[in-house]
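Remarks on the overall topology
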Amino acid sequence: MNQMNADDEKKRGISRLALVGSVGLGLAVVLAVTGIISREHAAKALARETNEAAIPTVAVIKPRVGGMQPTLVLPGDVEAWYWAPIYGQVSGYVRMWYKDIGARVKKGDLLAVIDTPELDAHVKQAKAELAKARAQEQLAEITSKRWDALWQTGLKQRFEPVSRQATDVTDYDLAAARAATLAAKGELDRLEALEKFKYLVAPFDGVVTARRTDVGAFVKANGVSNQPEMFEVADIHIMRVYVRVPQTYASQIHVGMKAELHVPGMPGKVFPATVDTTSYAVNLDSRTLLVELWAPNPKYELYPGTYAEVYFHLTPRPNAVEIPSSALIFQDRGLQVATVGRDDRAQLRNVTIGRDMGSSVIVISGLKPSEWVIDSPPDTLNAGDLVRVVGHHGVFPGLETKPERISDAHQ
Amino acid sequence: MWFVKISLRQPITIIVMVVLILLAGARATLDTPVDMFPQVNIPVVAVVWTYQGLLPDEMAARINYFFERMVTTQVNNIKSIQSEAVIGYGVIKIFFQPSVDINFAVAQVTAAAQTVLKFLPPGTTPPFVLAYNATTVPVLQLALSGRGISQFKLFDLGNNFIRPMLASVPGAAVPIPYGGLNRRVEADLNLQAMQANGVSPDDVTEALMRQNLIIPAGTEKIGRFEWHVRLNSSPVEIKTINDMPIKRVNGTVVYMRDIAYVHDGAPPQTNMVRVNGHRAVLLPIFKSGSESTLSIVAAAKRMLPLIKESMPKALRIHTFGDQSVFVKDAVEVVIREAVLAAVLTGLLVLLFLGDWRTTLIIVMTIPLAALFSVVVLSASGQTINSMTLGGLALAVGILVDSATVTIENFAYHLEMGKEIVFAIMDGAQQIVIPSLVSLLAICIVFVPMFTLTGVSHYLFVPLAEAVIYALVGAFLLSVSFVPMMAQFWMSEAHHASEGHGDKPRSRNPLVRFQQGFERGFNRMRERYRSLLDLALAHPAPFITGFLAFILVSLAVLTPWLGRNFFPEVDGGAILLHVSAPTGTRIEDTARLCGRIEKAIRRVMRPGDIDNIIDNLDIPYSPIDMAYQNTGTVGPEDADITVQETPGHLPTAEYVAKLRRLLPTLFPGVTFSFLPADIATQILNFGAPAPVDVQVIGPVRDAVYAYAVRLEKSIKHVPGTADVHIFQRFNYPLLNIKVNRSLAQMVGLTQADVARGLLEELAGSFQITPNFWLNWKTGVSYPLQTMMPQYRIDTLADLYNMPITDPSAPGGRTQPQSVTTIAGGGTRFPGGTAVKLAPGQTIPEILGAVASIKPEPSPAVVSHYNVQPVVDIYINRQGRDLGAISADIHKILRKALSARPPGTRVFVRGQVAVMTTAYSELFAGLGVSILLVYLLVTVNFQSWLDPFVVIAALPAALAGIVWILFVTHTTLSVPALIGSIMCMGIASANSILVISFAREQLANGMDSVRAAVEAGFTRIRPVLITAGAMIIGMVPTAASAEQNAPLGRAVIGGLAFATVSTLFFVPVVFSLVHRNHTNAVPEGGETARNTDRGADS
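Residues numbered from 1 in each chain as written. Chains lettered and ligands numbered in written order. Predicted model: local features only at pLDDT ≥ 70, side-chain atom pairs only at ≥ 80, totals over all residues.

1. Section: the overall build of chain A
In terms of helices and strands, chain A carries 5 helices and 24 strands. Residue burial in chain A is summarised as follows: out of 411 residues, 33% are buried. Of the contacts formed within chain A by residues at least 6 apart in sequence, a portion of 74% connects residues at least 24 apart. (Helix = DSSP H or I, 4+ residues; strand = E, 2+ residues; numbered from the N terminus. Buried ≥ 20, exposed ≤ 12 C-beta atoms within 10 Å, placed from the backbone. Contact = placed C-beta atoms within 7 Å.)

As C-alpha cells, then:
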C-alpha cells in the first residue's frame, strides 16, 4: 500500500512536474515571442523614422525679380561751382574790410577798402599834370588862333605879316598840347581806375570762404607769389563733385546718371547729384577716370572741399533676379543654387552672379523668377535628392508665401 | 591551520587587527581622493598654434602639416596624431602609448615645436603645449554676469583677477574664460577720416609703434644717489593715446583723434556665452593632477566669498556644473546600494541560519572586508570612485559567502557534540581549502579583465581590484575574525539552545517565521530530492531537454539583445550642438540660439530646466581649444547645454522629441546631440559622436564626394541619428585677386594690399604686437589698430578700401590745404594731379586693382596621422551600437568598389573601442573558463570532473541572455563583467557540489546516489551563496545606473546557474561516473564532511 501510495505520489508528482514544466516552457515561449515581436515593431518604426529623418528639411524662397539696384560707392571731392581768390591790385593798407568769412555776397558787394596814399598822390599829380596840359593847350590854341588870324589878314592884303613857318609852328604846338592833354587825361584815368581797386568787390554771387587780410594790413600790388589772396569767394549754389572712378567701373558711368552724396558728419543726409561730364581720359598714374557731378546746394549744406562718398546707382541687368547669398551653394563646381521641383526633389542650377551685395546677390543667368530656391541648402545636397519643404526662413525681404509642399505651390 | 589557532588563542591580537583595519579604513576613506571615475591615463599632448586670422587651409598647410611631420620623426611612442585647423588656430593632439612617460613626451613635443618654428609664417608664436587625459573635464563652472558691467569688463575680471585667485586652489586648472569680450585697447580707425586726411592704416600702426615704446631708460648717478630713469614712453591713460601725433601734412599735424578713436574696448566678439539668454562669461575649473574632485570644488567654493570682496558690487558669480554633486550622488547611490545589499544579504543569512548572533558575525565581515579593500585600493593609488565602489557593491553578495560557510561548518561540528574550540578548529580545517578554492575561482575570472586595453582597462581594472581585495579580505577574516567571534558567541548560543533541548515553539513571530521558513525549506529540499531522483532516472531526456532549452534560448534570444559599449545613462543634461549654415556670423547664430532655446523651453516642462547655457564660436583660449571636442569650428557653431533639475522627465525622451522637432523648425541648421554625461564623454574621448566613419584619401574633393555618398546611405540605417559630415568645405570666402601688373603700374605691390587688408580686417596685433600697461592693476593689454567691423560691412566697402604705398612719404594732400596756385588763375577743376607735391601718391582703392570673387573654402581641415580626413559622425537613437555598426560596415563594404583610388575608410570612436573591448572580454570569458577548469583540475586532480563543473556554465549564459532580453537590456561591458563574475560564482557552487559527490563516490557510493546526496546536502550552502549574491545585486540591478546591467546579468545568470548546479551538474556527474568502480581517488580531495545531510 505504501508502495502504491508512493507510486501514486510519484505519478502525481510527475504529472504535476510536467504541468509546471510545460507552463514554464509556455511562459518562456510567450516571453520570447512577445519580446521579439515588440522589438520587431520597434525596429520597423525606427527604420521608418530614420528614413523620414534622413530626408533633409529645407526652407524655400522665391527670387526677387529685377533685384536691387547695384550700387557703386566711391570717394569724391566736393568743390564749388565758381571759386575765385581775390587779390589786391593796388599796394597799400587795408582801411577796412566789410565781409568776413561765411558772408553771403552779391556781385559787386564791397569786400574791403585799401588805403593807397601813394596812388592818391599820383592821382593828384596826374590831375595837376592834366590841368597843366590843358592850360598849355589853351595857350597853344590862343597862340595858334592869333597867328592864323595874322596869316589870314596877310593873305587878303597880299603882304606877309607873319611867316608861314611861324604859323605852322603854332598850329602844331596846339596839336601837341592837345595830345599832351589827352595823355595826361589818360594817365589820370589809369590812376583813377587803379583807385577803384581800392575797393575790393565780389565777382559773383556767393560766399566768402576765406579772408586772409585785416585792417591795416599791407597789400602789395599784383599779388606776388608769396602773398595769399585777400579773399576767396565761392559760388556754392550748385556743387561740382569730382570722383575718380577706377578704370574697371569707368564704362558703367555715363553722363546724366544719377548719384547720391553721403557726407561724413551728416549721417542719413543724402544729396542728389547728376553726372555732368567726365574727362574722357583715364589718368595714367592712378588709372582712374575723373568724373564731374553737379549737386544742387540750395541750403548751402555742402561745403567746398568736403570729402563725400558718392553712391552711383548702376543700372540693373534686365533679366536678373535677386536671391539671398545664403541660398548660394559654394562648391568647387562653381556657384550653384538648389531649386525644388514638383516632385520635391532638389535640382542644382549653375548660376552666374552679376553682383554680390553681401547679404544678397544678383543672379544674371541660370535662375528663373518662378522657381523655388532652397535657402541655406544642406552642405551635402546633391541633384535629385528628396527634400522636405517646411517653410521659409524669414530673412529675405522679397519672401513669398510658403507652400507646404512644392507640388502644391505649382498647382 | 596555525592562524585559526592563533585567533582562538590570542583573540586580542585579532581585535587589534580589526581595530587597525577600522582605523586604516577610516583614514583611507577620508584621505583617498573621491572622484567620478578612476584616472584614465591615456596620455595625450595637445599642441595649439595660434595665428590670428590665418585661414584654415593655410593653417593646415603652413603650420599643422609642418609640425605633424616633425613630430612623427622627433617624438617617440606615438599612437596616433589628430589635427584640426580652424581660422586662427591649429590644434594637434598627439595620443601616446599608455606606457609613455608623459613628461618626457611633453618635452619632446615642445622641442619639436621649437625646431619647426623657424619654418612657419613670420610672427608665429611658440604654441601652447599641454598634457591632459580623458578625465580632464570641468569640475565646476562659474558664470559671471552683472547689471551694468560690460562684457569686456566681465572677461577682464574673470581672466585677470578671478582666475589667478582660483589658481591657488590645489589641483585646479583654470584656463582663459569662455565668452565675453577679450579686453584690449582698440584704435578704431575711421576710414572716411583717414581718406580725408590722407592717412593710411599703416601710418597709424607705425605711429603707435613709435609713440608707445617699451624701452628702459636706465639709471643715472647724481651726487649720492643712483637714480632710476623713466621715460614717458608709454602712456598712463588710454585717453592720452588719442592725442598722439600721427603725421604732419602740410604743416598741420594729424592726431590720432582725428582719424581714429582709441578706447578701452575689445576686438570683435569671437566667442559668446549666454546663460539663460543673458550674455555672460564662463570660467571653467578643470581638475588637474590627482587631487580629489570634491576637495577642488570645496576649496574653490571657499574662495568665492574672498573673490567677491574685491569685485564690483554688481558682479554676480553663479556656480553650476558642480561635478562634486554628481560625484557625491554617484558615491552615495553606490554606498546606498551596498548598504542595502548588505542588509538584504544579512536578512537572507538570518533567514537561513535562524540565529542573530552568527548572522551578526557574518554581517560584520561585510564592512570589515570592504574597509580592507579600500585600504588596499588607497595604498595602490586608486581613488574612491563609482567604479571601485561599484566593485564593492558587487562583492557584498559574495563577501558573506566564506563567513557563512565557515559558520555553518562550525555549527555542524558543534552539533556533533564537540567542544567549541575543537568544533571551530575542525570546522575551519575542513572548510579552509574549499573556501580558498572558491575564492580563487571567483578571483581568477577577474584576471582576464586586467588584459583589457584602452578606456575600459582604466575603468574596470579598479572594479576588479576592489572585488578581489574585498574577497581576499573576507577570506582572511573568515579564518581569523570569524573563528574568534564564533568562539565567544556560538558557544553561548549553542549552550542556550542545548539547555532547551529540541527547538521549542517560540512566541516571537520572527522566530516563528524563521522556523516556518526552515520547515518550508526542508519540504522544498525533499521535493528537490525526488525531482533530482527523477532526473537521474532519466538522464538522457533530461540532459537533452535541458541542453536544448539552453541552446535554443541562446540561439533565439542572443541576436535580439543588441550590443552597446556602455548602457545609456541619464546624464541630467542635454548637450546640443547647433551648426547654422557655414559662415553664419556670430550675432545671427546667437539669435538662432535664442529661438532654439525658446523651442526647447516649449518642449520641456518648465520645472525640468535648471539652466540653459550657450557657448558660441571658437573659444578665446588655446587651452579651451584643446579641451573642447564638440565640433565647433566657426561662428556658425554653438553648443547649447540644457541642465535639468533633479526629478526631470527622461532626457532620452526629450532628446528624441527635439530631434524630430528642431529640423522642421529650423531648416538649414544641423543639429546633433552630444553626450552630456561625463561617462560617455570619457568613452567618446575626443570625438563628438559614438561612431566616426573616417575617410582618408589623397584628393580632398574626391574624398569628400565619397563621404557624402556614404553619409547619405548611412542616414537610412535605422537607429542612426544626427548623421553629418564634420568637415565643411563651403565656408564663404571672398577671394581677392589683385592684378599685380595693374597694381605695379600705379605703384602698388601685393604687400601693400596685404598690409592694408590685414590692418583693416584682421587688426594689427599679429604682425606688430603692441601693449598698453594699466599701471593701476599691473595688467598689460594688447593695443591694436583695426577698422571697426560695422564700418566695413558691404562688399562695396571692401572694394573701396584705400590702399596706399607706405614707402611713399605722406598720402594725398587735401584740397583745402592747397592755397597756392601759380598765377592766381582759376583752379583746374578737381585736377588732383596739379595738387600733388612731388613724390606723393594717390591712394588707390582696392576695387581698382583687384577683383573679388566669392568662393567656397574649408571651415576646418583635419588630419589623422598626417593625412587629410573627412569624418562622418553618427549618433544612435533607439537601437544598439552593435547593430548600427554592423549595418554601417555593410554599407562600407558595398561602397568599397566605388571608392576613389587611394582612399581608405575607417570606423573609429566608441564603436571601435567597443569592438576591441568585446573581443577582449569574450576572449577573457573563454580564458576565465579555462582558468577555472585548470584550477579545478588541480584541486580534483582529475581532467573529467572539472568538465562537470564547467557544465553548469552554459545555463548561466542562458540565464544572462534571458534576463537581459526580458528587461530590454542590451549587452554592454558592465553586463559582460557581470557575466564573468557569474561564471566565477557558478563554478564555485558547482565545485561545492562536485567535491561532495566525489567524496561520496570515494566512500563507495554509486554515482547516482553520490549525485543525489551531493545535491541534497549542498543545496543549502549553494542556495545561501547564490541567494545572497542575487539579493545583494537587486539594488544595483533595479537602479538606472551604469552598473545596472551588471547586476541584472548576475541575477539572471546565477538563477539559472543554480538550477543547473542543483540538477544538471549532478546528472552529468552521475553519467560521467556511471562506470565508476569504487576506486579510491588519490589525494587532493578537499571537503570531507561526509554526512552533512544529518543536520537537517
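2. Side note on the overall build of chain B
Each helix and strand counted, chain B has 35 helices and 31 strands in total. On the principal axes, the C-alpha backbone points of chain B span a range of 145 × 80 × 55 Å. Counting across all 1096 residues of chain B, residues that qualify as buried make up 53%. Across chain B, contacts joining residues at least 24 apart in sequence account for 83% of those joining residues at least 6 apart.

3. Here we look at the nonpolar core
Core analysis: the biggest nonpolar cluster contains 247 residues, and Ala 470, Ala 956, Cys 982 and Leu 1054 of chain B have the highest contact counts within it. Ala 80, Leu 174, Ala 234 and Ala 259 of chain A belong to the second-largest nonpolar core, a separate cluster that totals 69 residues. (Core = buried A, V, L, I, M, F, W, Y, C linked by C-beta atoms within 7 Å.)

4. A few points about the sheet that holds strand S8 (residues 184-189) of chain B
Residues and elements named next belong to chain B. Spatial ordering of the open sheet is given by S13-S8-S25-S24, a layout of 4 strands whose pairing is mixed. Strands with a single pairing partner mark the edges of an open sheet, and in this sheet they are strand S13 (260-265) and strand S24 (771-774). Across the sheet, the mean angle from the axis of one strand to that of its neighbour is 25°, orientation sign disregarded. The sheet contact formed by S8 and strand S25 (residues 779-786) spans 4 bridges and is parallel. The partner of Val 185 across the bridge, within S25, is Leu 783. (Pairing = 2+ DSSP bridges. Axes fitted to C-alpha atoms, helices over the stretch in contact; angles between N-to-C directions.)

5. A few points about the interface of chain B and chain A
Between chain B and chain A, the contact holds 54 residues from the first and 59 residues from the second. Ranked by residue count, the leading element in the side of chain B that touches chain A is helix H23 (residues 700-715) of chain B, at 4 residues. By residue class, the composition of the side of chain B that touches chain A is 28 nonpolar, 18 polar and 8 charged. (Nonpolar A, V, L, I, M, F, W, Y, C, P; charged D, E, K, R; others polar.)

6. A closer look at the environment of Pro 868 of chain B
All names here are of chain B. Examined against the element boundaries, Pro 868 turns out to sit in strand S30 (residues 867-876). Residue classification places Pro 868 among the buried residues on the basis of 21 C-beta atoms within 10 Å. Considering only alpha carbons, one finds Pro 868 and Ser 83, 785 residues apart in sequence, at a separation of 9.2 Å. Non-local contacts of Pro 868, meaning those with residues more than four positions away in its chain, are made with Arg 700, Val 861 and His 863.

7. Looking at unusual backbone geometry
The phi dihedral of Tyr 300 of chain A falls on the positive side, at around 55°, and the residue is not glycine. Structurally, Tyr 300 of chain A can be placed in the loop between strand S15 (288-296) and strand S16 (307-313). On the basis of neighbour counts, which here come to 13 C-beta atoms within 10 Å, the residue Tyr 300 of chain A falls in the partly exposed class. Even without glycine at this site, Val 866 of chain B takes up a positive phi of about 65°. Counting through the fold element by element, Val 866 of chain B comes out in the loop between strand S29 (861-864) and S30. Using a count of 15 C-beta atoms within 10 Å as the deciding quantity, one classes Val 866 of chain B as partly exposed.

8. Some words on helix H7 (residues 201-211) of chain B
Residues of H7 of chain B that are buried include every one of Pro 201, Asp 202, Asp 203, Val 204, Thr 205, Ala 207 and Leu 208 of chain B, and no others. Where H7 of chain B is buried, its residues contact S8, strand S11 (245-249), helix H9 (256-259), S13, helix H25 (750-762) and S25 of chain B.

9. Comments concerning the sheet that holds strand S14 (residues 270-282) of chain A
Residue and element names in this part refer to chain A. Around the barrel, which closes on itself, the 6 strands sit in the order S3-S12-S15-S14-S13-S16 with antiparallel pairing between neighbours. This sheet shows a mean twist of 40° between the axes of neighbouring strands, independent of strand direction. Here strand S3 (residues 71-79) runs beside strand S12 (residues 238-246); their pairing, made up of 4 bridges, is antiparallel. Bridging from a neighbouring strand, Val 78 pairs with Val 241 of S12.

10. Some details on the packing of helix H30 (residues 910-940) of chain B against helix H33 (residues 973-1002) of chain B
Residue and element names in this part refer to chain B. Between H30 and H33, the shortest axis-to-axis distance is 11 Å and the interhelical angle comes to 15°. With respect to H33, the element H30 is oriented roughly parallel. In this structure, the crossing between H30 and H33 has a hand that is right-handed. Of the residues in H33, those in contact with Ala 917, Leu 921, Gly 924, Leu 925, Ser 928, Ile 929, Val 932, Val 936 and Phe 940 of H30 are Val 973, Leu 976, Ser 979, Ile 980, Met 983, Ser 987, Ile 991 and Arg 998. Here the contact of H30 with H33 is built from residues that sort into 12 nonpolar, 4 polar and 1 charged. (Parallel < 35°, antiparallel > 145°, perpendicular 65-115°, else oblique. Left-handed = near helix turned anticlockwise from the far one by under 90°.)

11. What to know about the confidence of the model for chain B
All names here are of chain B. Residues of chain B with pLDDT of at least 70 account for 92%, and the chain-wide mean is 82. Confidence drops under a pLDDT of 50 for residues 809-841, and excluding neighbours within four residues, the segment shows 56 contacts in the predicted structure. Across the interfaces of the predicted complex, the ipTM metric reaches 0.72, alongside a pTM of 0.78. (pLDDT = per-residue confidence, 0-100.)

12. Considerations on the pairing of S25 of chain B
Pairing of S24 of chain B with S25 of chain B, which is carried by 4 bridges, proceeds in the antiparallel orientation. Of the residues in S25 of chain B, the one forming a bridge with Phe 771 of chain B is Pro 782 of chain B.

13. Some points on the pairing of strand S11 (residues 231-235) of chain A
Side-chain positions along a regular strand alternate between the two faces of the sheet. Residues and elements named next belong to chain A. Within S11, 5 of the 5 residues are buried, which leaves the element mostly enclosed by the surrounding structure. In the sheet, strand S4 (residues 82-86) pairs with S11 via 5 bridges, with the strands oriented antiparallel. Counterpart to Pro 85 in the pairing with S11 is Glu 232. Bridge count between strand S9 (residues 206-211) and S11: 4 bridges; the pairing is antiparallel. Within S11, the residue paired with Val 208 across the bridge is Val 233.

14. Structural notes on the confidence of the model for chain A
In this model, chain A carries a mean pLDDT of 81, and residues with pLDDT of at least 70 account for 87%. Note that pLDDT drops below 50 for residues 393-411 of chain A; the model gives that stretch 33 contacts with residues more than four away or on any other chain.

15. Focus: the packing of helix H13 (residues 386-415) of chain B against helix H15 (residues 454-479) of chain B
Residues and elements named next belong to chain B. Taken N-terminus to C-terminus, the directions of H13 and H15 make an angle of 25°; their axes are 8 Å apart at the nearest point. Between H13 and H15, the angle is such that the two are roughly parallel. The way H13 lies across H15 gives a crossing that is right-handed. Grouping the constituent residues of the contact of H13 with H15 by class yields 19 nonpolar, 6 polar and no charged.

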